[in-house]
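Structural features, examined
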Amino acid sequence: NLKILWEIIGEIEFGRAGYAYLADGRGNLIAYRDPSLVLKRTNLSGLPGMQDFLRNPAGEDPSPAGEDLGITGKPVLSTYAPVRSVGWAVILEEPVDVALADVHRMERYALLLLGVGMIVGVIIIVWVSNRITGPILELHRGVEVIGRGSLHHRVEIKTGDEIGQLAQEFNKMAGELQTSYSTLEQKVEQRTSELAALYDVTATVNQSLELDTILQEVIKKISGIFHFDTTRIFLFNPQGDELQLRASIETQPEFFTGVRAFRRGQGVVGKVTETGQPLIFEDTLTDPRYLELSQTKSLKKGSFSFFAAFPIKAKERCAGTIIFVGQKPRQLTTEEQRLLTSMADQIGVALENAALFTQVRTRSQQLAALNTIAATVNRSLELDVVLRESVEKVRELLGFDAAWICVLDPTAQELHLRAYKGLSDEVVRSMYRREIGTGNMGRVIASGEPLVYEDIQTDPDYHQGSATRRAQSLGFRTVCNFPIKSKQRTLGVLNLANYSCRRFLPHKASYLSV
């Protein structure tokens, strides 16, 4: 009677849904919790686990807890144990879904935890990445903004790490770049202003050949640019021994009325022309150099503080000095000194142009005068007419107060006055005849060389050579005696006299000889 086995096998439970059944050596079901299957004489030899038993009825299960199809046709975890005494087998099965429910649950938990972990990891990675890359991107944006010219832009990064330090250095660099750019703009603007000012002065220099007009316009430009209280220009006189005031602009002229000329080398003005180097006194009231060099101390009397003197050079030669005076102490920058030096050089160019213009004009006048005199000489064959008209033209063209011609009489060894202009009849009668061996005219006849006395009142050579000092007694200051020659023979003397002193440069004396 196997019913008892049905009850024993049917009561076997394990796990959550585990069950057991009993099969004989041919695979027939002997006992199971569902007796109907037993009664149907169900053969289980087709089950994978049963096949392992039937192949080796006395052996142990080669794959315990393997996953196969169970008695119900559903996947189960199964194993068996042989009952060797009778050749049967006890098979234990539990549905896979029930047996592995906890495992699946753990898998789901694990997957869930893995998903959550991955999400949290991604969030952490993104946060860390943003914390690292955010400041870097901010720096990158800052570089782009500054690259577009917004030098005032600064990055706001306060991470406290190396990137934060990098941001601080970046802002520092941007600040220095902005400062440098602003300084560069100021320098460019200043340089442009200086060039414009120099251009104005240069344009003024080239607008005219009248020196006094040029000088006055130039110092107006300079005073307008630098706002000096006083600007004055001193140039050498024709003799080159004195610096004379030629142009000035003064806010307080009463302090400078007595200062209009300096001897060569005298005072600050003379010192600058001697050395060719500028002198700058930021405060004359405290600078001992000013007290040492100044002769007049006029600035100290007028409570002027700033004083600067720059040489005016023409063809590497100092031709004068331009001075600048200010009421308050002032320090000239290197750029201002360079600009003032350039402006002084432009004044030197104006002097060269004016001198060249004067030479050309003088030469033109001389040529015109020679042409006029030549035309007068060739107009008549009457000697007295020619001499008289020549004297008139010479006196008129050259601007002398008196002119006369004495012609040599070889037989009588005398000089006879043949033509004159600017002399009284009494003087003419006293000068009508002159022995050729006496006086300055006699020296000219003997030597064939001209004699020029710029001031006979003080010239010892005139006093020694003149027999009567007649020209001195008449009040003349300048006297010139030029030989009249023909084919290397001296035929007479052309005499010119002036009541004021006139300086004769070599080219003028040569021109008068012609």
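First, a word on scope: everything that follows refers to the structure included in this document. (Residues numbered from 1 in each chain as written. Predicted model: local features only at pLDDT ≥ 70, side-chain atom pairs only at ≥ 80, totals over all residues. Heavy atoms only, no water.)

1. Quick word on the overall build of the protein
Tallying secondary structure elements over the protein gives 17 helices and 17 strands in all. The C-alpha atoms of the protein give a radius of gyration of 64 Å, which is well past the 24 Å a tight globule of 514 residues would have. When its C-alpha atoms are laid out on the principal axes, the protein stretches across 205 × 55 × 30 Å. Among the 514 residues that make up the protein, the fraction classed as buried is 38%. Counting contacts in the protein only where the partners sit at least 6 residues apart, residues at least 24 apart contribute 51% of the total. When the accessible surface of the protein is totalled, it reaches about 29,500 Å², and 54% of it is carbon and sulfur. (Helix = DSSP H or I, 4+ residues; strand = E, 2+ residues; numbered from the N terminus. Rg over C-alpha atoms; globule rule 2.2 N^0.38 Å. Buried < 20%, exposed > 50% of the residue type's maximum accessible area, 1.4 Å probe, protein only. Contact = heavy atoms within 4.5 Å. Areas by Shrake-Rupley, 256 points an atom, 1.4 Å probe, with all protein chains shown as cover.)

2. Here we look at the sheet that holds strand β9 (residues 279-281)
Strand order in the open sheet made by the six strands is β8-β7-β6-β11-β10-β9, with antiparallel pairing throughout. Strand pairing shows two members of the sheet lacking a second neighbour, β8 (261-263) and β9, which therefore form its edges. Taking the axes of each pair of neighbouring strands and ignoring which way they run, one obtains an average angle of 20° across the sheet. Note: strand β7 (residues 242-250) against β8, three bridges, orientation antiparallel. Each bridged residue has a counterpart across the sheet, and for Leu 243 the counterpart in β8 is Phe 262. Each of β6 (230-236), β7 and β11 (317-326) is contacted by helix α7 (residues 211-226), which is oriented at about 50° to β7, the strand it contacts most. Against the sheet, helix α8 (residues 267-275) engages β6, β7, β8, β9, β10 (306-314) and β11, with an angle of about 140° to β11. (Pairing = 2+ DSSP bridges. Axes fitted to C-alpha atoms, helices over the stretch in contact; angles between N-to-C directions.)

3. Examining the pairing of strand β17 (residues 489-498)
Counting buried positions over the ten residues of β17 gives eight, a clear majority of the element. For strand β16 (residues 478-486) and β17, the ladder comprises nine bridges, and the chain directions are antiparallel. Paired with Lys 485 across the two strands is Thr 490, which belongs to β17. Between β16 and the antiparallel strand that follows it, β17, lie two residues; Lys 487 among them carries a positive phi value of about 55°.

4. What to know about the sheet that holds strand β14 (residues 433-435)
Spatially, six strands are ordered β14-β13-β12-β17-β16-β15 in an open sheet, and the strand pairing comes out antiparallel. At either end of the open sheet lies a strand with only one pairing partner, and these are β14 and β15 (451-453). Going across the sheet, the axis of each strand differs from the next one's by a mean of 25°, ignoring polarity. With respect to the sheet, helix α14 (residues 439-447) is in contact with β12 (402-409), β13 (414-421), β14, β15, β16 and β17, its orientation differing from that of β17 by roughly 140°.

5. Topic: the nonpolar core
Ranked by internal contacts, the top residues of the largest apolar core, which has 29 residues, are Ile 222, Ile 233, Phe 310, Ile 312, Ile 322, Phe 324 and Leu 340. With eight residues, helix α11 (residues 334-378) is the single largest residue contributor to this core. Apart from residues lying up to four places away in sequence, Ile 222 is in contact with His 227, Phe 228, Ile 322, Phe 324, Leu 340 and Met 343. Among the nonpolar cores identified, the runner-up in size contains 22 residues, and Cys 406, Leu 415, Val 427 and Tyr 462 belong to it. (Core = buried A, V, L, I, M, F, W, Y, C linked by side-chain atoms within 4.5 Å.)

6. Here's the deal with unusual backbone geometry
Unusually for a residue other than glycine, His 227 sits at a positive phi of about 60°. Along the chain, His 227 turns up in the loop between α7 and β6. Positive phi, normally seen in glycine, also occurs at Gln 488, with a value near 65°. The class for Gln 488 is exposed, based on a relative accessible area of 76%.

7. Things to note about the packing of aromatic side chains
Describing an aromatic ring pair means giving the distance of the ring centres and the angle of the ring planes. Applying the stated criterion across every chain yields a total of twelve aromatic pairs. Each ring, one from Phe 281 and one from Tyr 290, has its centre 5.8 Å from the other, and the planes form 75°; the classification is edge-to-face. Accessibility expressed as a relative area gives 2% for Tyr 290, which makes it buried. Residue placement shows Arg 502 over the ring face of Phe 400; its charged tip is 4.2 Å from the ring centre. (Phe/Tyr/Trp six-rings, centres within 6.5 Å; stacked < 30°, edge-to-face > 60°. Lys NZ or Arg CZ within 6 Å of the ring centre and 35° of its normal.)

8. A look at the environment of Glu 144
Inspection of the secondary structure puts Glu 144 in helix α5 (residues 101-147). What makes Glu 144 partly exposed here is its relative accessible area of 38%. Between the C-alpha atom of Glu 144 and that of Val 96, which follows or precedes it by 48 residues, the distance is 65 Å.

9. Focus: the state of the cysteines
Here is the idea: a disulfide is a covalent bond, and it sits between the sulfur atoms of two cysteines. For the structure shown, the criterion picks out zero disulfides. No disulfide involves Cys 480; its sulfur sits 11 Å from that of Cys 501, the nearest cysteine. (Disulfide = S-S within 2.5 Å.)

10. Observations concerning α5
Between the first and last C-alpha of α5 there are 65 Å, a value that for 47 residues agrees with the 69 Å anticipated at 1.5 Å per step. Considering bend angle alone, the principal kink of α5 is centred on Thr 133 and spans about 30°; proline Pro 135 follows within four residues of it. Every buried residue of α5 is listed here: Ala 101, Pro 135, Leu 139, Gly 142, Val 145 and Ile 146. The first or second residue beyond α5 is Gly 149, which carries a positive phi of 105°. (Expected span 1.5 Å × (residues − 1). Bend = angle between axes of the 7 residues up to and from the residue.)

11. Describing the pattern of salt bridges
Evaluation of the coordinates by the stated rule reveals ten salt bridges. Two residues, Arg 443 and Asp 461, come together in a salt bridge whose shortest N-O distance is 3.8 Å. Taken together, the residues span a long stretch of sequence, with Arg 443 in helix α14 and Asp 461 in helix α15 (residues 460-465) at a distance of 18 residues. (Salt bridge = Lys/Arg side-chain N within 4 Å of Asp/Glu carboxyl O.)

12. A word on a nonpolar patch on the surface
On the surface, Met 106, Tyr 109, Leu 112, Val 116, Val 120, Ile 124, Trp 127, Val 128, Ile 132 and Ile 136 cluster together into a nonpolar patch covering about 970 Å² of accessible area. Here Leu 112 shows up in helix α5. (Patch = residues over 30% accessible without salt bridge, like charges linked within 9 Å, V, L, I, M, F, W, Y side chains within 5 Å.)

13. Considerations on the environment of Val 155
Considering the arrangement of structural elements, one finds Val 155 in the loop between α5 and α6 (162-207). Ignoring anything within four residues of it in the chain, the contact list for Val 155 reads Glu 138, Leu 139, Gly 142, Ala 167, Phe 170 and Asn 171.

14. Quick word on the side chain of Asn 237
Relative to the helices and strands, Asn 237 resides in the loop between β6 and β7. The exposure class of Asn 237 is buried, given its relative accessible area of 9%. Among the polar contacts listed, one links the side chain of Asn 237 to the backbone nitrogen of Gly 240, at a separation of 2.8 Å. (Polar contact = N/O pair within 3.5 Å; in protein donor to acceptor, adjacent residues only side chain to side chain.)

Read these as layout, nothing more, since geometry by itself doesn't imply function.
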